[in-house]
Amino acid sequence: MNRYLEFDIIKRFFSPLSVEANGAFGLANDAALWQPDDGCDAVITTDCLVAGVHFFASDPPDSIAEKLLAVNLSDIAAMGARPTAYTLTAILSEEIGDDWIGSFAMGLRNAQKKYAVMLIGGDTVATPGPLTFSLTTFGSVECGKALSRGGTLAGDDIYVSGTIGDAALGLRVLQKELRVVDDGHEEFLINRYRRPEPRLEVGKAILGIASSAIDISDGLSADLDHIAQQSCVDIEVKVADVPLSEAVKACTKIDES
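Here is a short report on the structure shown in this document. (Residues numbered from 1 in each chain as written. Predicted model: local features only at pLDDT ≥ 70, side-chain atom pairs only at ≥ 80, totals over all residues. Heavy atoms only, no water.)

## Observations concerning the overall build of the protein
Counting its secondary structure elements, the protein contains eight helices and four strands. Reading the protein from its N end, one meets helices and strands in the order α-β-α-β-α-β-β-α-α-α-α-α. A compact globule built from 257 residues should have a C-alpha radius of gyration of about 18 Å, and the protein, at 20 Å, falls within 12% of that. Here the protein, with 257 residues, has 39% of them falling under the buried criterion. (Helix = DSSP H or I, 4+ residues; strand = E, 2+ residues; numbered from the N terminus. Rg over C-alpha atoms; globule rule 2.2 N^0.38 Å. Buried < 20%, exposed > 50% of the residue type's maximum accessible area, 1.4 Å probe, protein only.)

Rendered as structure tokens:
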């Protein structure tokens, strides 16, 4: 990708996503300006998604964009913070054309509106390798109030904000490794894989109530182990108490038959 084409892509598809962002300069400056709210700590997180690893190259471009932003915002939510801005690095493979980029940008626009966050900078380059995106989100939380993984105490209860295993089974459906009889269940599971929802309101609501919090995108068991290690506690989970969606329950019965 030559520099002129890169600038054209930024101007046509990504600059419009920054027009309401203070300090973004329409993505025409060398860098952006950003500062947290008064009396708040800055919260910063970065995620990288690679085609064939974190999403299918054949996935709808708008769903890839929504997933990219959502998984990043989920880390902000786990700190009890409010997201305000993000930067995006788009590493585009050779077969990506204007229609694909336009659909991707529309997905970002929809997600921005839903989560009240704005693009303020980034980069766009070409690659002979897989389609890759890196996104960094900036947020703020009242000074000294951010949630962490290290505050859990013996006797604390464990809560999750949704059902467990939906996205994992959605991936298996797309890989043709799982048969789903109910079309509604199949659509639900695939959507949970392609379009995760960050629990931003939950994160803010549990500030001052929860002792610890974590994004569980790596899996309930793995992420509870992170809390256990950081908090120096043992965690016990009764399998029967883990909340499951009707789709997961139905698919589990299919696997057992």
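## Digging into the pattern of salt bridges
Summed over all chains, the structure comprises nine salt bridges. With a closest N to O distance of 3.1 Å, aspartate 166 and arginine 192 form a salt bridge. With a gap of 26 residues between them, aspartate 166 in helix 4 (residues 166-174) and arginine 192 in helix 5 (residues 183-194) connect regions that are remote in the sequence. Since its relative accessible area comes to 1%, aspartate 166 is described here as buried. Exposure remark for arginine 192: the relative accessible area of 21% places this residue in the partly exposed category. Several salt bridges converge on common partners, so that one network encompasses Asp8, Arg12 and Asp98. (Salt bridge = Lys/Arg side-chain N within 4 Å of Asp/Glu carboxyl O.)

## Let's talk about the packing of aromatic side chains
As enumerated under the stated definition, the model contains seven aromatic pairs in all. Note on phenylalanine 56 and tyrosine 193: the rings are 6.2 Å apart at their centroids and 65 degrees apart in plane angle, and the pair reads as edge-to-face. Of this pair, phenylalanine 56 sits in the loop between strand 1 (40-50) and helix 2 (61-78) while tyrosine 193 is found in helix 5, placing the two residues 137 residues apart along the sequence. Classification of tyrosine 193 by relative accessible area gives buried; the value is 10%. Geometry around tyrosine 193 places lysine 67 over its ring, the cationic atom sitting 3.6 Å from the centre. (Phe/Tyr/Trp six-rings, centres within 6.5 Å; stacked < 30°, edge-to-face > 60°. Lys NZ or Arg CZ within 6 Å of the ring centre and 35° of its normal.)

## Focus: the sheet that holds strand 4 (residues 132-142)
As summarised here, the arrangement of the four strands in space is 1-4-2-3, forming an open sheet in which the pairing is mixed. One side of each edge strand has no neighbouring strand; the edge strands of this open sheet are strand 1 and strand 3 (118-127). Strand-to-strand twist in this sheet, taken as the mean axis angle between neighbours without regard to direction, amounts to 15 degrees. In terms of strand pairing, strand 2 (residues 82-93) meets strand 3 through nine bridges, oriented parallel. Paired with serine 93 across the strands is threonine 127, a residue of strand 3. The strands that helix 3 (residues 98-115) touches are strand 2, strand 3 and strand 4; relative to strand 2, the one it contacts most, it runs at about 170 degrees. (Pairing = 2+ DSSP bridges. Axes fitted to C-alpha atoms, helices over the stretch in contact; angles between N-to-C directions. Contact = heavy atoms within 4.5 Å.)

## Examining the pairing of strand 4
Burial within strand 4 is extensive, with nine of its eleven residues counted as buried. As defined by bridge partners, strand 1 adjoins strand 4 across eleven bridges and the pair is classed as antiparallel. Note that in strand 4 the partner of leucine 49 across the bridge is phenylalanine 133. In this structure, strand 2 lies alongside strand 4, joined through nine bridges in antiparallel fashion. Residue isoleucine 91 lies in a different strand from strand 4, and its bridge partner there is threonine 132.

## Some remarks on unusual backbone geometry
Glycine aside, negative phi is the norm for most residues, and most peptide bonds take the trans geometry. Positive phi values are uncommon outside glycine, yet leucine 27 reaches one of about 60 degrees. Within the secondary structure, leucine 27 sits in the loop between helix 1 (3-14) and strand 1. Unusually for a residue other than glycine, lysine 176 sits at a positive phi of about 65 degrees. Structurally, lysine 176 is set in the loop between helix 4 and helix 5. On the accessibility criterion, lysine 176 (75% relative accessible area) is exposed.

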